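A structural walkthrough
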Amino acid sequence: MPLPAPRKKLSTPESVYLVEVIKGMFLTMSHVIKNIFDQDRFRTIEYPDMRKPMAARYRGAHRLTTRPDGKVKCVACMCCPTICPANCITIIAGEAADDPAEKFPVEFDIDMLRCIFCGFCVEACPKDAIRMDTKIYEINAYTRQDMVHNKSYMINLMDGVKPQAEDVYRSHPEQAPAGYTFDEKPVV
Amino acid sequence: MSFEDVLPYLLVVAKCVFAVAFVMNIVPLLIWGERKGAAYIQDRPGPNRADIMGIRAGGLVHTLNDVVKLVMKEDIIPQHVERFYWALAPVIAMSVALVTFIVVPFGDYITIPVGGVLEQVPLKVSDIDGGLLFVLAMTSLGVYGIMLAGWASNNKFSLLGGLRASAQMVSYELAMGLSAVVIFLGAGSLSLSVIAEQQSGAIWNWNVFSLPGAIAFVLFWIAAFAETNRTPFDLPEGEAELVGGYHTEYSSLRFALFFMAEYANMIVASAVTATLFFGGYNVPFLDGATIRAHSDILVAALGFGAVPALLSFAVVAFKRRNRPFYRAIAADDIRHREPKFWVATWGGLAVAHAGIGVLGLTGIIGASSFGPDVVAFVLQLTALALKVLLGCWIMIWVRWTVPRFRYDQLMNLGWRVMLPLALVNVFFAALWIIVKESLFA
Ligand code: SF4
Ligand code: SF4
């Protein structure tokens, strides 16, 4: 058994507990007064009104990228379901009608309840067809079924993201891209 | 029966209602102060999301939310409790806390006509001669609520909490009583209104500004922490080791009663301390007669004096619309009303106070039969309320500064430090009085 650490001998003013209590009270009061006069001292981020800016490499919800003509870039090569350690990607491949040499995913589901956000699928993809650069961390639903993100959901994922990015840019204007314009005028 | 016949009875009822309302209205304010104070001490904004039509009032709305939440919660009665005593305990805790307030005077007197003669009615619910003894008796009764809750819960953690509460009460009650002895040695009376009256006038008439009084105040105040079970003496509910202590098994409104009883106890302890040591309802340098004689000037001075303060609040509220928060929320968010609301409120209050000042200048208050009494009542009540709020704030402030005592430290402090000190202080006070009287009489 380890011996108890030797106790520090208290000095006389320390052993009169009251003095130390009053010193402590002055310390806490100084915080109160500073905070009353400058409320922007708080480190608290007032989510959901304000958001923390996510790092550039933050792995958020997956999205599927598209070619200029609007078709998914994915060629259903099955690299990502193969590497996925959580085994949560399900792809049903089909042949493109206009070009029988080309494959494409008829269905592309990711079970977000099982995903561990390792990003291996992004690394594995030869076509840059799957990305996790959305910075979306609010992945939630009322049913298990809704937690399975399907193809059209992941293609259109960024559509709803504009307002979220705006939140970040409003509370942290320095993060906004140069020349970024807000949808509606911010109140000044 | 004429109106004047029933007036005395009406007055008793009115005073009872007033005393209960005084305590019960400060309770939500304290709950807010506790949370906001804790938050500001810990560098965070605290409750600030609940709003009524966009007005968040710095988190005050959360208190309202709490009430609704506690009322709506399911009242769970565990199978293993002693039903009757278990249900009785929160009632005892709350009612004892409220009853103690009846001996605290909240003003000197008001003049009303009774049976054709003008009579001075003292502003306290009950004029018990042994008021101080009543306070001590009631504060010790308060622990019965906690003990009963601990025992009837039939649960070892609750029982331990109840035991700790009673042991703590026994240890600190002695020091509390002995420090109160110092006060009535000086006052020659146990009645709280006599004690308060003797401290009227200049601020150095307050009991705390004599040497034995100051020592007695420190002892009394520490004992008051122990009696109200506030940190650093909150061992009965020490949640780290006792789950929730005596109120582990309680939910819904029964828990709310314990919760409110704690705050009611704080208010009563502060009110008693204010009355014993800080002049009670007395406004420093203005005794009742002075206030009544100069009521017009006082009203004018206070009315106009408040205007700059209120206007500066309005300016602060106006500036706050530029905070990052208001820039971050959407343009059509209803919380943009907030700065406007506060500017309007503070501005309106400033105008109202200027109006009160003008009223004072016209001199109709001093000329009317009840005007000076009303002014005296309002000022004295405000003085008492401010002293009570300050006391409660110190309790909150200490709670978020000082960690909880260990049990043996608690007992050591009570029996080996505070009790001997209080005893010596009593002798010292007696000596002090003898020396003072032989020197100055
Ligand atoms: S992030 Fe990892 S776990 Fe999630 S789908 Fe991609 S490979 Fe699978
Ligand atoms: S690795 Fe890329 S291209 Fe291959 S199936 Fe996955 S998303 Fe499609």
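Chain-level statistics for chain A give a pLDDT mean of 81 and a share of 84% at 70 or above. Looking across chain A, the model is least confident in helix H6 (residues 162-171) of chain A, with a mean pLDDT of 60, and most confident in helix H3 (residues 79-83) of chain A, with 94.

Once that is clear, we can look at the site of ligand 2. Taken together, the neighbourhood of ligand 2 is formed by A:Cys74, A:Val75, A:Ala76, A:Cys77, A:Met78, A:Cys79, A:Cys80, A:Ile91, A:Phe108, A:Cys125, A:Pro126 and A:Ile130. When its residues are assigned to classes, the shell around ligand 2 shows 12 nonpolar, no polar and no charged.

Residues and elements named next belong to chain B. For the pair helix H3 (residues 83-99) and helix H9 (residues 252-277), the least separation of the axes is 8 Å and the interaxial angle reads 25 degrees. The angle between the axes of H3 and H9 places the two elements in the roughly parallel class. When you trace H3 past H9, the crossing you get is left-handed. In this structure, H3 uses Trp86, Ala87, Ala89, Pro90, Val91, Ala93, Met94 and Ala97 to contact H9, whose residues at the interface are Arg254, Leu257, Phe258, Met260, Ala261, Ala264, Asn265 and Val268. Per-class residue counts for the contact of H3 with H9 are 14 nonpolar, one polar and one charged.

The subject of this paragraph is the layout of surface pockets. Volume-wise, the largest pocket comes out at about 1900 Å³. Grouping the constituent residues of the lining of the largest pocket by class yields 26 nonpolar, nine polar and nine charged. In terms of lining residues, the second largest pocket is bounded by 43 residues, among which A:Tyr17, A:Leu18, A:Val21, B:Ile222 and B:Phe405 are the most central. Counting only elements with at least two residues in the lining of the second largest pocket, the list comes to helix H1 (12-15) and helix H2 (17-37) of chain A together with helix H7 (211-227), H9, helix H15 (371-399) and helix H16 (407-440) of chain B. Classifying every residue of the lining of the second largest pocket by side-chain character gives 29 nonpolar, six polar and eight charged.

Turning our attention to the environment of B:Glu119. Assignment of secondary structure puts B:Glu119 in strand S2 (residues 117-122). As a C-alpha pair, B:Glu119 and B:Tyr109 span 10 residues in sequence and 9.4 Å in three-dimensional space.

In this section: the packing of aromatic side chains. Counted under the stated rule, the structure contains 29 aromatic pairs over all chains. Ring plane angle 90 degrees and centroid distance 6.4 Å describe the contact between A:Tyr58 and A:Tyr137, whose orientation is recorded as edge-to-face. Here A:Tyr58 is found in the loop between H2 and strand S1 (63-64), whereas its partner A:Tyr137 is found in the loop between strand S4 (130-131) and strand S5 (148-149), with 79 residues between them in sequence. On the accessibility criterion, A:Tyr58 (28% relative accessible area) is partly exposed. Each residue in the set B:Trp206, B:Phe209, B:Phe217, B:Phe220, B:Trp221, B:Phe225, B:Phe277 and B:Phe278 is aromatic and connected to the rest through ring pairs, giving one cluster.

Attention now goes to the site of ligand 1. Residue and element names in this part refer to chain A. Taken together, the neighbourhood of ligand 1 is formed by 14 residues, with Cys84, Cys115, Cys118, Gly119 and Cys121 sitting nearest. Taken atom by atom, the bulk of ligand 1 overlaps the second largest cavity. Residue classes in the shell around ligand 1 are distributed as 12 nonpolar, two polar and no charged.

Conventions and cut-offs
- Sequence order sets the numbering: in each chain, residues are counted from 1 along the sequence as written.
- For this description, chains carry letters from A and ligands carry numbers from 1, given in the order in which they are written.
- Where totals are concerned, whole chains, interfaces and linings use all residues; where local detail is concerned, this predicted model gives features only for residues with pLDDT of at least 70, and gives and counts side-chain atom pairs only at 80 or more.
- Side-chain measures here rest on the full set of heavy atoms in the structure, leaving out hydrogens and waters.
- As a per-residue measure, pLDDT reflects the predictor's confidence and takes values from 0 up to 100.
- Elements are defined by DSSP. Helices are runs of H or I of four residues or more, strands are runs of E of two residues or more, and each kind is numbered from the N terminus.
- One heavy atom within 4 Å of a molecule or strand is enough for the residue carrying it to be called near that molecule or strand.
- For this scheme, ten residues count as nonpolar: Ala, Val, Leu, Ile, Met, Phe, Trp, Tyr, Cys and Pro. Four count as charged, namely Asp, Glu, Lys and Arg, and the remainder, Gly too, count as polar.
- Orientation is described by lines fitted to C-alpha atoms, with helices fitted over the stretch in contact, and by angles between N-to-C directions that extend from 0 to 180 degrees.
- Oblique is the label for any angle not covered by the other classes, which are roughly parallel (under 35 degrees), roughly antiparallel (over 145) and roughly perpendicular (65 to 115).
- If you view the pair so one helix is near and one far, a crossing is left-handed when the near helix is turned anticlockwise from the far one by less than a right angle, and right-handed when it is turned clockwise.
- By the convention used here, residues are in contact when the closest approach between their heavy atoms is within 4.5 Å.
- Residues are said to line a cavity or pocket when one of their atoms sits within 4 Å of a point; the points come from a 1 Å grid over protein atoms alone, cavities being sets where a 1.4 Å probe fits but cannot get out and pockets being open sets with protein on both sides within 12 Å along at least five of seven lines.
- Grid points are joined across faces, edges and corners, and a volume is the space filled by probe spheres set on the points.
- Here the aromatic set is Phe, Tyr and Trp, taking the six-membered ring for Trp, and pairing holds for ring centres within 6.5 Å; pairs whose planes are under 30 degrees apart are stacked, those over 60 apart are edge-to-face, and all others are tilted.
- Whether a residue is buried, partly exposed or exposed follows from its accessible area with a 1.4 Å probe, protein chains only, as a fraction of its type maximum: under 20%, in between, or over 50%, in that order.
- Throughout, a molecule is located in a cavity or pocket provided that more than half of its atoms lie within 2 Å of its grid points.

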